[in-house]
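Results of the structural survey
What follows is the residue order along each chain.
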Amino acid sequence: MMNAEKQEIKVRRVSSRKRSRDSLKSHLTPAKKRGSTSLGQCPDSTENGVFTGAMADIKATEVCYYCSDNEDLFGDYDSILGDSSFLAKLDCAEQDERRHDSLLKQACDDVLTDSILDDFREESLKDLPATQREFQEEVLEGAKRDKRREGDKTSTPFRNTVEEETERAFGNRTASSPKAKRRVTDQLKRALLCNAAAPSSVSRTAVLKEAVVSEEISFAMQAMETVSAETTDLGPFFGLPTKVKDLICKLKGIKNLYDWQETCLNLDCVQERRNLIYSLPTSGGKTLVAEILILRELLCRKKDSLFILPYVALVQEKVRGLASFGLELDFMVEEYAGSKGRFPPVKRRNRRSLYIATIEKAHSLVNSLIETDRLDNLGLVVVDELHMLGDGSRGAVIEMTLAKVLYASKTTQIIGMSATLGNIKDLQTFLRAENYTNDFRPVQLREYVKLKDSIYEVDPKEEDCFKFSRPLNFKYSSSMQKIDPDHIIALVTEVIPTHSCLVFCPTKKNCENVAGMICKYLKEEFLLHKEAEKAVLLRELRNSGNGSVCPVLRKTVPYGLAYHHSGLTGEERKLVEDAYSDGVLCLLACTSTLAAGINLPARRVILRSPYVATDFLKRSQYKQMVGRAGRAGIDTIGESILILQDKDKTMAKKLVSAPMEICYSNLMHDNGKGVLSLILSLIGLNITSSLEQVKDFMSATLLHVQERQLCVERSLGETVQECVGLLKEKGLVAVSADARGEILQVTRLGKATYKGSVDLTYSDELYKDLSKGLESLMLDSFLHLVYLVTPYDLISQCKPDWMIYFRQFTLLSTSEQKMSAAVGVPESFVARKAAGQTVKKNMNPVVVKRLYLALVLFNLLKETNLWSVAEKFQLSRGFIQTLLSSSSAFCSCVLHFTEELEEFWPFKALLAELTRRLSYCVTAELIPLMEVAGVMESRAKQLYNAGYKTLAHLANADPSALAKNVENLYKKQANQIVASAKMLLNEKAAALQEEVDDLLMMPLDLPQL
């Protein structure tokens, strides 16, 4: 049925009938397709692809539209043939069959005997599509009746021959040659035609049609495998299978994309994999575009992807959200945040990985990939909040990461999501990227300001920038006027409790005060709104605090109000955020950090003041806050109201009408610390080995693009030369000479510094502390190790309470007190300070404060109760939470630091366990549960008490049973927990399997006879 000549095969839609996945998997299906649910490889994102390979008959095949979705083999396409379709030429086929009847009989006689019906037993029929199964059953019954009447008159293919050939052709594809496949195809063709010639109650045309369909499926299966290596177009959803669109609808509730999203995904630069920066207002739907591009990279190009997000909470949220996609589409989702993440990552042979990382972890990850020569496996890097390039030291880390990717890999695509910037051209030059900008918002935003008791609409076209809108109608008593002179109560009660509201405040204390003040004047009906749900929230807050609840939240939550700032613990923040998203809370009084973090939109956003602490708002901060107004799919309009005093009116006009801010490189931030770190890692990674090469690399940075503005006193070349000199002085870089000139190399300390991501300011001090600690390391408690990993950068925030210090010191064991004296803090010193006496001997204040923080952490590890430790040391629980998370991250850095220095070998095992304990700070049995993204301490306790005691328990749990067995756990949350647990279990199992494979792999350099 197939000619040996060149044949163009076009894919065209001939039927909208869908076929189920199982019905397409028959005994004719290749083993690879039967045994895996993973998506097949796919082609480049082009309209046309070329079929080459396994079937020598087909020299060139033109593809119009190809869909190889596992959910449906052909999607909406039931034929892969166009003008030359077998189904389109059935009449010709039937006439040819009659004309060559004698030849057909002769061909049958050569290979046919017994009955073909035995070959198609009931067990083989169950795997056929419904239409074929019904047909075969009719043929089976009719032929059996005929056979009983006519005996053995009908000749049919010899069973064993066909089965053996079929098994060899389809069951063991890797061993079969194209020639063998053609023989099997011819054999099956003859068998089907002979079967069609047999007497039955079905018409010859129907028999031929079914034979042709079976042949098409068999041919398509083989053709698909050949095509998959050549093309990256898996289906109609932007090159992805329809299954991806269905998953987005099911898991995200998104049925259709916005027009701008479709336009962006169809840009030439996206199709051709060029770098892209796209800029839209907050809440415009930027992230979905990035996720679709990531899925294309993972599924179609079979390359790993890196998604960089600014905060740990955002990384954890994204890991939870994409874990279900990973399970359905067969790729790994790996978290790189805090102390989590492997360097280098596990090298997977059969699966692709999506690394979701914070800014700092992404930099370490890229370094490890460059060092192991695996950066080319990274096909795509997506950066959220790209405008953070201008954000101090973190911006410098983003720039270093992207500059290394650009320099070391020519195949890795970079996609940046950014707020609208005034100098986007600079970023385009740096990233060699194109730009797509749109002002789309799913919900219209109206900006207002409030002066005295009047509301003005913001209109930059107006001469005064503000246009009168309406007076504020709310009757205030004299006492209310004194307590609330800014009329916040009037503004919020216009929208709550029916709608939601965010009130941004300049300080953390102001957040708590505003929430408490509003509650005083709310009516009793607010208490009745979602009363049961608010009672559940209070109970969960109490459980998270081991029986303690913040007094402010205890008062405000019954009214549907709460505050949100860094003073809350991580678990409290998550509970408050979830309650607000679910509509249990209708108002949050928050700081500006909420606008930059997790997406919590509101009908109305109120800016309590145009200040953040004592600094006047920046244009970007203002836009980020007001951008939270308007909930897509819920509100038709969003409102923002900026409360102004007369003295701020002029500044406010500039704020609302000023052009967008300029994003500058921060490599020179903090006396050029970024340049120093970058040069050290470049030399350590062997990217550069001479001063000229370093200068060449620096010419590809954003700093070079903005050299005129930022390198005023001396050129970039001079700055680089000076930094190399400083690294030599610090003992981090050494210079050797050869025939080519001076060669730059990192010292052992330099290598440990960049691999541990240790701040250059503290690397020498850390080395001395570890060396001194090794001389008299105390191992009968964690105190000494905890002291060594207490972060240096938090010391400036510590102000010891000397009475508490002395009380805690006296509770230490004798060996712990000796350790304290050894590091430089004797008991006598603490006693004198507590008594208010003058201490003549000068003590190192850094050591004293660091030991105080170490005592806080030491108590936390012993008690695992953050509330009681906060009360004991009179510190905010938010600060203790920050101290704990910073310590776990720094402990991980110190671990990598010591791994590069042989003299510190005892620390390797000790710090690995301490990192784990600091990361979770719970009893040992809860740690496996808390490794799952989104599971906090109180939830881990609930799961453990409900019988889910291990990761395997969670991974194999039924989400419905889980939601039923665990109090206050919704089905959606249960689904996310189970998906995250499965992904983590798969990740651990895959890592172990890779180790096994490496052990069993035959060495390539094995000596031979």
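Reading the values: rules and limits
Residues numbered from 1 in each chain as written. Predicted model: local features only at pLDDT ≥ 70, side-chain atom pairs only at ≥ 80, totals over all residues. Heavy atoms only, no water. Helix = DSSP H or I, 4+ residues; strand = E, 2+ residues; numbered from the N terminus. Buried < 20%, exposed > 50% of the residue type's maximum accessible area, 1.4 Å probe, protein only. Contact = heavy atoms within 4.5 Å. Areas by Shrake-Rupley, 256 points an atom, 1.4 Å probe, with all protein chains shown as cover. Lys, Arg positive; Asp, Glu negative; His and termini not counted. Salt bridge = Lys/Arg side-chain N within 4 Å of Asp/Glu carboxyl O. Pairing = 2+ DSSP bridges. Axes fitted to C-alpha atoms, helices over the stretch in contact; angles between N-to-C directions. Phe/Tyr/Trp six-rings, centres within 6.5 Å; stacked < 30°, edge-to-face > 60°. Core = buried A, V, L, I, M, F, W, Y, C linked by side-chain atoms within 4.5 Å. Parallel < 35°, antiparallel > 145°, perpendicular 65-115°, else oblique. Left-handed = near helix turned anticlockwise from the far one by under 90°. Nonpolar A, V, L, I, M, F, W, Y, C, P; charged D, E, K, R; others polar. Right-handed = clockwise from strand over helix to strand, strands pointing away. Arc of directions from axis to C-beta. pLDDT = per-residue confidence, 0-100.

Side note on the overall build of the protein chain
Across its full length, the protein chain carries 46 helices and 19 strands. Going through the 1009 residues of the protein chain one by one, you find that 52% of them count as buried. For the protein chain, long-range pairs separated by at least 24 residues make up 72% of all intrachain contacts whose partners lie at least 6 apart in sequence. For the protein chain, the accessible surface area stands at approximately 46000 Å², while carbon and sulfur atoms represent 49% of it.

Quick look at the side chain of E540
Structurally, the position occupied by E540 is in helix 21 (residues 531–544). An unpaired buried charge is present at E540: no salt bridge exists, and R939, the closest side chain of opposite charge, is 4.1 Å distant. Beyond its immediate sequence surroundings of up to four residues, E540 is in contact with L575, R939 and N968.

Regarding the sheet that holds strand 9 (residues 454–458)
Within a beta sheet, neighbouring strands are joined by backbone hydrogen bonds and run either parallel or antiparallel to one another. The strand order 10-9-8-17-14-11-13-12 describes an open sheet built from eight strands, whose pairing is mixed. Where the open sheet ends on each side, the last strands, each with one partner, are strand 10 (466–471) and strand 12 (561–564). Strand-to-strand twist in this sheet, taken as the mean axis angle between neighbours without regard to direction, amounts to 25°. Where strand 14 (residues 604–607) lies against strand 17 (residues 637–644), four bridges are found, and the strand directions are parallel. Residue pairing across strands places V605 opposite S640, the latter belonging to strand 17. Those strands touched by helix 25 (residues 619–626) are strand 8 (444–451), strand 11 (501–504), strand 14 and strand 17, and its axis lies near 145° from that of strand 14.

Considerations on the packing of aromatic side chains
A ring pair, where both rings are aromatic, is described by two values, the distance of the centres and the angle of the planes. On inspection of all chains with the given rule, the structure shows 17 aromatic pairs. Relative to Y355, the ring of Y336 has its centre 5.7 Å away and its plane inclined at 90°; by these criteria the two rings are edge-to-face. In this pair, Y336 sits in strand 3 (residues 332–336) while Y355 sits in strand 4 (residues 353–357), placing the two residues 19 residues apart along the sequence. On the basis of relative accessible area, Y336 is assigned to the buried category, the value being 1%. Relative to F616, the ring of Y611 lies with its centre 5.3 Å away and its plane at 85°, an arrangement referred to as edge-to-face. Note on Y611: relative accessible area 23%, which makes it partly exposed.

Details of the sheet that holds strand 6 (residues 413–418)
The strand order across the open sheet formed by seven strands is 3-4-2-5-6-1-7, and the pairing between neighbours is parallel. Taken across any chain shown, the strands that pair with only one partner, and hence form the sheet edges, are strand 3 and strand 7 (434–437). Direction aside, neighbouring strands of the sheet carry axes that sit 15° apart on average. Bridge analysis of strand 3 against strand 4 gives five bridges, and the strand direction is parallel. Across the sheet, Y336 pairs through a bridge with A357, a residue of strand 4. Across the face of the sheet, helix 13 (residues 312–329) comes into contact with strand 2 (304–308), strand 3 and strand 4 while running at roughly 170° to strand 3. Each of strand 2, strand 3, strand 4 and strand 5 (378–383) is contacted by helix 14 (residues 359–371), which is oriented at about 150° to strand 2, the strand it contacts most.

Brief notes about the nonpolar core
Counting residues in hydrophobic clusters, the biggest one holds 123 residues, and the most contacted among them are Y278 and I518. Sorting elements by how many residues they give to this core places helix 12 (residues 286–299) first, with nine residues. The residues touching I518, leaving out its near neighbours within four places in the chain, are I488, I489, V492, L561 and L587. Core analysis: the second largest hydrophobic core is formed by 119 residues, L402, I414, L901 and L914 among them.

Topic: the pattern of salt bridges
As enumerated under the stated definition, the model contains 37 salt bridges in all. Linking E494 and R604 is a salt bridge whose minimum nitrogen-to-oxygen distance equals 2.6 Å. One end of the pair, E494, is in the loop between helix 18 (488–493) and strand 11; the other, R604, is in strand 14, with 110 residues separating them in the sequence. Overall, R604 belongs to the buried group, its relative accessible area being 4%. Where D764 meets K768, a salt bridge forms, and the shortest distance between an N and an O atom there is 3.3 Å. On the criterion of helical spacing, the pair formed by D764 and K768 is a turn pair, its members being four residues apart in helix 33 (residues 760–775). Note on D764: relative accessible area 36%, which makes it partly exposed. A single network of salt bridges, built from pairs that share partners, joins E371, K751, K755 and E900.

What to know about the side chain of S609
Mapped onto the elements of the fold, S609 is located in the loop between strand 14 and strand 15 (611–612). With sequence-adjacent residues up to four places away left out, S609 is seen in contact with F504, P506, L617, L642 and I643.

Overview of the packing of helix 28 (residues 691–698) against helix 31 (residues 716–729)
Orientation of helix 28 relative to helix 31, taken along the N-to-C sense of each, is 130°, at an axis distance of 10 Å. In terms of axis orientation, helix 28 runs oblique to helix 31. As for how helix 28 packs across helix 31, the hand of that crossing is right-handed. Contacts between helix 28 and helix 31 involve L691, V694, K695 and M698 from the former and L716, G717, V720, Q721 and V724 from the latter.

Considerations on the packing of helix 33 against helix 40 (residues 877–899)
Packed helix pairs are characterised by how far apart their axes lie and by the angle those axes make with each other. Put simply, helix 33 and helix 40 touch, their axes get as near as 12 Å, and they point 75° apart. Of the possible angle classes, the one that applies to helix 33 and helix 40 is roughly perpendicular. Contacts between helix 33 and helix 40 involve S763, L766, Y767 and L770 on the former and, on the latter, F890, V894, F897 and T898. Here the residues of the contact of helix 33 with helix 40 are counted per class, giving six nonpolar, two polar and no charged.

Structural notes on the pairing of strand 12
The alternating pattern of strand 12 places L561 and Y563 and A562 and H564 on opposite faces, both of which are buried. In this region the chain leaves strand 12, passes through helix 23 (residues 570–581) and returns to the parallel neighbour strand 13 (residues 587–590); the handedness of that crossover is right-handed.

Regarding helix 32 (residues 748–755)
Residues of helix 32 that are buried: L749, G750, A752, T753 and Y754. Looking at the residues trailing helix 32, positive phi occurs at S757, about 50°.

Considerations on the pairing of strand 9
Both strand 8 and strand 9 contribute to a ladder of four bridges, which runs antiparallel. Bridged to L451 within strand 9 is S454. Counting the residues in the hairpin turn of strand 8 and strand 9 gives two residues, including K452, whose phi is positive at 55°. Alignment of strand 9 against strand 10, held across five bridges, turns out to be antiparallel. Note on strand 10: the bridge partner recorded for S454 is P471.

Observations concerning the environment of G567
Looking at the secondary structure, you find G567 in the loop between strand 12 and helix 23. Linking G567 and K508, residues 59 residues apart in sequence, is a C-alpha distance of 7.4 Å.

Topic: unusual backbone geometry
As a rule of thumb, non-glycine residues mostly have phi less than zero, and peptide bonds are mostly trans rather than cis. The step from F343 to P344 runs through a cis peptide bond, and the omega angle for that step is -10°. Mapped onto the elements, P344 comes out in the loop between strand 3 and strand 4. In this structure, P497 follows I496 across a cis peptide bond, with omega equal to 5°. By secondary structure assignment, the location of P497 is in the loop between helix 18 and strand 11.

Considering helix 9 (residues 242–252)
Within helix 9, the full set of buried residues consists of K243, V244, L247 and I248. An end-on view of helix 9 places all buried positions within 140° of arc, on one side of the element. Along its buried surface, helix 9 packs onto helix 12 and helix 13. Of the residues trailing helix 9, G253 is marked for its positive phi of about 75°.

Section: the confidence of the model for the protein chain
Here the protein chain shows a mean pLDDT of 81. Residues at 70 or above account for 77%. Within the model, the stretch residues 1–89 combines pLDDT values under 50 with 214 contacts to residues more than four positions away or in other chains. Contacts of residues 107–124 to residues separated by more than four positions or lying in other chains number 37 contacts, the stretch itself having pLDDT below 50.

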